[in-house]
Structures are given as structure tokens and as C-alpha cells.
Amino acid sequence: MSETTVGEADCARWVADRLQEVGYATEYVESGMPGRGNVFARLAGSDPTRGALLVHVHLDVVPAQAEDWSVHPFSGAVRDGFVWGRGAVDMKDMAGMVLALARQFKRDGTVPPRDIVFAFLADEEAGGTWGSHWLVEHRPDLFEGVTEAVGEVGGFSLTVDRPDGTVRRLYLVETAEKGLSWMRLTCDATAGHGSFLHTDNAVTEIAAAVARIGAHKFPLVMTESVAQFLTALSEETGLDFSPETPDLETALFKIGNLARIIGATLRDTANPTMLSAGYKANVIPQQAEAVIDCRVLPGRQKEFEATIDELIGPNVTREWITHLDAYETTFDGDLVDAMNDAVVAHDADGRTVPYMLSGGTDAKAFAKLGIRCFGFAPLQLPPDLDFAALFHGVDERVPVESIVFGTRVLDHFLRHC
Ligand SMILES: [Zn+2]
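It should be emphasised that the depicted structure is a prediction, and the values quoted were computed from it without experimental measurement.

Regarding the UniProt feature "domain: Peptidase M20 dimerisation" (unreviewed entry) in the protein chain
Logical step 1: Following the UniProt record, one finds the feature "domain: Peptidase M20 dimerisation" (unreviewed entry) at residues 175–307.
Logical step 2: Strand forms 26% of residues 175–307 and helix 32%; the C-alpha atoms that close the span are 26 Å apart.

Structural notes on the coordination of the zinc ion
Logical step 1: At the metal site, the zinc ion is ligated by His58 (NE2), Asp90 (OD), Glu152 (OE) and Glu152 (OE), and these contacts range over 1.8 to 2.7 Å.
Logical step 2: The coordination sphere of the zinc ion comprises four donor atoms, whose angles at the metal cover 53 to 155 degrees; the geometry is irregular.
Logical step 3: Mapping the donors of the zinc ion onto the primary sequence gives the spacing H-x31-D-x61-E. Placement of aspartate 90 in the loop between strand E5 (82–84) and helix H2 (92–108) and of glutamate 152 in the loop between strand E7 (146–151) and strand E8 (156–161) is noted, with a sequence separation of 62 residues between them. A single burial state applies to aspartate 90 and to glutamate 152, both of which are buried.

Description of the sheet that holds E5
Logical step 1: Taken in spatial order, the three strands of this open sheet run E4-E5-E19, and their pairing is antiparallel. Looking at strand neighbours, the two that pair on one side only are strand E4 (78–79) and strand E19 (397–399), the edges of this open sheet.
Logical step 2: Relative to E5, E4 runs antiparallel, the two sharing two bridges. Across the sheet, valine 78 pairs through a bridge with valine 83, a residue of E5.
Logical step 3: Contacting E4, E5 and E19, helix H12 (residues 400–415) crosses the sheet at an angle of about 65 degrees to E19.

Regarding a nonpolar patch on the surface
Logical step 1: Together, Val78, Val400 and Val404 make up a nonpolar patch on the protein surface, roughly 220 Å² of accessible area in all.
Logical step 2: Positionally, valine 78 belongs in strand E4.

Focus: the pattern of salt bridges
Logical step 1: Following the criterion strictly, the structure yields 28 salt bridges and no others.
Logical step 2: With its nearest N and O atoms 3.4 Å apart, the salt bridge here joins glutamate 236 to arginine 162. Within this pair, whereas glutamate 236 is found in helix H5 (residues 224–237), its partner arginine 162 is found in the loop between E8 and strand E9 (167–177), the two being separated by 74 residues in sequence.
Logical step 3: Here glutamate 236 falls in the buried class, since its relative accessible area comes to 3%.
Logical step 4: Here arginine 300 ties to glutamate 303 by a salt bridge, and the two come within 3.5 Å at their closest N and O atoms.

Re the environment of methionine 274
Logical step 1: Locating methionine 274 in the fold gives a position in strand E12 (residues 269–277).
Logical step 2: A relative accessible area of 53% means that methionine 274 is categorised as exposed.
Logical step 3: The spacing of methionine 274 and glutamate 289 is 15 residues in sequence and 8.1 Å in space, taken between C-alpha atoms.
Logical step 4: Setting aside its immediate chain neighbours within four residues, methionine 274 contacts Glu289, Ala290 and Val291.

What to know about the sheet that holds strand E10 (residues 180–188)
The strands that make up a sheet are held in pairs by hydrogen bonds between backbone atoms, and each pair lies either parallel or antiparallel.
Logical step 1: Read from one edge of the open sheet, four strands run E12-E14-E10-E15, paired in antiparallel fashion. One side of each edge strand has no neighbouring strand; the edge strands of this open sheet are E12 and strand E15 (316–324). Going across the sheet, the axis of each strand differs from the next one's by a mean of 20 degrees, ignoring polarity.
Logical step 2: As defined by bridge partners, E10 adjoins strand E14 (residues 287–295) across eight bridges and the pair is classed as antiparallel.

A short note on the side chain of glutamate 152
Logical step 1: Buried within the structure, glutamate 152 lacks any salt-bridge partner; lysine 364 is the closest side chain of opposite charge, at an N-O distance of 10.0 Å.
Logical step 2: Within the local environment of glutamate 152, its side chain forms a polar contact with the side chain of histidine 58, the two groups lying 3.2 Å apart.
Logical step 3: If we ignore the near neighbours within four places in the chain, the residues touching glutamate 152 are His58, Asp90, Met91, Glu124, Glu174, Thr361, Gly375 and Ala377.

Considerations on the packing of aromatic side chains
Logical step 1: Taken as a whole and assessed by the stated rule, the structure comprises ten aromatic pairs.
Logical step 2: Ring geometry for phenylalanine 40 and phenylalanine 143: centres 5.6 Å apart, planes at 80 degrees, overall edge-to-face. Taken together, the residues span a long stretch of sequence, with phenylalanine 40 in strand E2 (residues 37–43) and phenylalanine 143 in the loop between helix H3 (132–138) and E7 at a distance of 103 residues. For the pair shown, phenylalanine 40 and phenylalanine 143 are each scored as buried.
Logical step 3: The interplanar angle of 50 degrees and the centroid separation of 5.2 Å between the aromatic rings of phenylalanine 143 and phenylalanine 366 together place this pair among those described as tilted. Here phenylalanine 143 is found in the loop between H3 and E7, whereas its partner phenylalanine 366 is found in helix H10 (residues 363–367), with 223 residues between them in sequence. In terms of burial, phenylalanine 143 and phenylalanine 366 fall into one category: buried.
Logical step 4: Pairwise contacts between aromatic rings join Phe156, Tyr355, Phe387 and Phe391 into one cluster.
Logical step 5: Sitting over the face of the ring of tyrosine 24, lysine 106 holds its NZ or CZ atom 4.7 Å from the ring centroid.
Logical step 6: Between arginine 397 and the ring centre of tryptophan 84, over which it is positioned, the NZ or CZ distance is 5.0 Å.

Topic: H12
Logical step 1: Between its terminal C-alpha atoms H12 stretches 23 Å, which fits the 22 Å expected from 16 residues at 1.5 Å a residue.
Logical step 2: Residues of H12 that are buried: Ser402, Phe405, Gly406, Val409, Leu410, Phe413 and Leu414. Viewed end-on, H12 has its buried residues packed into an arc of 155 degrees, placing them on one side of the element.

Focus: helix H4 (residues 202–215)
Logical step 1: Its 14 residues give H4 an end-to-end C-alpha distance of 20 Å, which sits within 8% of 20 Å, the value for a rise of 1.5 Å per residue.
Logical step 2: Within the sequence span of H4, burial applies to Ala202, Ile206, Ala209, Val210 and Ile213. The buried residues of H4 occupy one face: seen down the axis, they fall within an arc of 100 degrees. Within H4, the exposed residues directed more than 90 degrees away from the buried face are Thr204 and Ala215.
Logical step 3: A distance of 2.8 Å separates the backbone nitrogen of valine 203 from a side-chain oxygen at the start of H4, and that oxygen is part of asparagine 201.

Reading the values: rules and limits
- Residues numbered from 1 in each chain as written.
- Predicted model: local features only at pLDDT ≥ 70, side-chain atom pairs only at ≥ 80, totals over all residues.
- Heavy atoms only, no water.
- UniProt positions renumbered as here; feature names shortened; annotations may be inferred.
- Helix = DSSP H or I, 4+ residues; strand = E, 2+ residues; numbered from the N terminus.
- Donors = N, O, S within 2.8 Å, 3.2 Å for Na, K, Ca; no water.
- Tetrahedral: all angles 85-135°; square planar, octahedral: opposite > 155°, others 65-115°.
- Buried < 20%, exposed > 50% of the residue type's maximum accessible area, 1.4 Å probe, protein only.
- Pairing = 2+ DSSP bridges.
- Contact = heavy atoms within 4.5 Å.
- Axes fitted to C-alpha atoms, helices over the stretch in contact; angles between N-to-C directions.
- Patch = residues over 30% accessible without salt bridge, like charges linked within 9 Å, V, L, I, M, F, W, Y side chains within 5 Å.
- Areas by Shrake-Rupley, 256 points an atom, 1.4 Å probe, with all protein chains shown as cover.
- Salt bridge = Lys/Arg side-chain N within 4 Å of Asp/Glu carboxyl O.
- Lys, Arg positive; Asp, Glu negative; His and termini not counted.
- Polar contact = N/O pair within 3.5 Å; in protein donor to acceptor, adjacent residues only side chain to side chain.
- Phe/Tyr/Trp six-rings, centres within 6.5 Å; stacked < 30°, edge-to-face > 60°.
- Lys NZ or Arg CZ within 6 Å of the ring centre and 35° of its normal.
- Expected span 1.5 Å × (residues − 1).
- Arc of directions from axis to C-beta.

Here it is, written out as C-alpha cells:
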């Protein structure tokens, strides 16, 4: 199809039309703010006593500057075996696969083993305030009976070299996400003249606190998801990725650039990102502020906060500007078996492994409802493709063959979920 949509609402309505065209009853929901459109449709399964599966994608994308790109970022150009454009991997690829399969199922009269709720959402890229989080808070009825969910940033392949010279494709299923918390530090002290003796200086205090946080290295903590991933990686490669490995973060780069994500899930991080204080060179200001981007592992929030309190000292206060909890589920059960079966049916050498995402997705919102969330948007990728760099990157693109593979795997999975 060649229609063009502009903005979330337009795109959501287009999706709703495509679903209605084949017989779905859809619900279009604007989440408290005009233009932030979300679309829901439900496909009845054969066993209504089983919990429903939520299949969620987001329709928004991050901006792109056309002059930086090889093709227009909103052209959807197909060239050199790739689909190019903003959202190609984050996550119009999955949106396209899901929409195509939802339509096919309705046309075929396919009845999945359980109810499937298809959700096409707004605002994920800005934290889901006007998408998933708003819906969970104001329209929990849309998720009635949902026990499990699949969404983005998982299911893609990582090709690793085995000791016998062959390769193995690991399919990374997201089972956990670090928390995403932005913290504001404030120091209130005494204002004064810049030429006088002055011991109570807000700028000095905040700068020292920021420096201590920035230099602090949090302890290595093996969560279940990360431990299982590293064990599988060691088994396949014959290399040592145990927690005892010196400088494990650096050692991980033997698997390629994906180490940028995996390495960030070994410990909490707190990166200072903003500083502000003062308005004139000879005025000592009364207040100084800083913002710290904190990414905390599942189960670590209390210890993390205790460490931060020690680092900032008694004269600096802290508050959360944004606080989204980490979550983690186990890599087991029928749904995980169905993912593995679907992958192996289309890639006999494939192996699914759990992993933790260092960032955040809409899964954080659904986990609040007690839903078990997984990242499973299957793609078989060429071994040399720097997949992580494509997310929000210039020349974002996805191999056509990867989407064909992903659609087949997702088709198999949803028929057996
Ligand atoms: Zn995304």
C-alpha cells in the first residue's frame, strides 16, 4: 500500500481501517491528549479459560534529519535488500508483521489457542506517558484477562563463533529491563558576594556530589536473566564470560557491538547529565541543581538509593523526576516453549536465550498490571549487521529477508501460543 500517514493519530486510524477491512471490531483510544491515538483489536482463541496474550507495538518513532540520511527517512525505500526509514527496526518492522498476520488470521478464520489482544500504541519513545502508561492507568479494561505479553527489543539473532569453527545463532528474548529513573539533586545554601570569604557555596557542594556519583562504580550483580545469557554464551563460544572474568564489560566485546547493551546490564549506573546554577559571575547563588540518569537493576532499588544518599552527603537533597521500575520475569513456561519451537521450526540451528535490556519499553507499563512481559519481535539478522547501532541511528534499516523470516516465526508462534 502506498498511503502516507502523518502523526500517530493518522497512523493509528490507518491501522484501524486495515483491521476493520478484514472484519475486526477495533477500538481507537486517544489517551488524554488530542492526537495521541492507540488502537486495540481482539482475536478470540479456542480456549477462553486461558489468559489472553497481548501483542503490542508502538506506532511513534524518534525524529530524523533528512540531510544526514542516504535515503529520505520517511520514504520507506526498499534498496539493496533493506527497507530503509525511521522506525525500520524501532519498531515499524514488528508493527508491519503483526498487522499482516492479524489480517491474515481473520481472513483465514484462524483461531489461536488463546485470545490475542493486538495493541498499536502511541508515545513509547517519550516514555509511554500518553500511551501504555496512560492506558494502564485509565483503561485497564482493555487488558482484561491478559496474563502475558510480547513486544519489542527481543527475538533478533546474534551469530556467535563456536570453537569447532561453525557458528550458532542465538535469539535473544527480552525477559528483563533495567529501571529508568531521572533524579534531580538540589543544594540550598547561602547567597553572597563573590569577593568575600564564603564557606557555604551551593555550586561547590553540588559539583562535589556530582563528581562523587560520576566516579562511583556500582557492584557487579548477576541477575537471573543476565546469568542465563552469559552461561549460554560461554557454552556456545567456549569463552569464559563468568562473573569472575576480570573486566567482564570489555571481554563481552568479543561478541560484537551488542556488548554495549549487555555490558550495561551487569551493574547499576548513574550518569550525571545536567547541571545548573548561578546567574552572574560575582553572585554566589542560593541554589544549585543537577540531574542524574539512573538505570537500576531489578531488585536493587533500595541499595541503589542508600548508595546515592551516601554519595550526595547531608547538604544535597534528591527527588525523582521520572521513575519507572525495573522488571524481570523468568525464562520458562509454555509461552517461552512456543517461542523456542517457532524459532527452531524456521532455523534448526537457532537457540533462544533470555537477556536484559538496559533501556525501557512499554513492557514497563504492562508489568505494573502483573502481566509477564517478553521482548519477542523475531528477526534473523546477517552476522555482521550492527543491529544496536540502527536503533534511533542514521540510515535505520532492516533486511527484507529478516522481516520475511520474522513474519514466519511470529505466525508459527501466534498459532501455538
Ligand atoms: Zn521502540
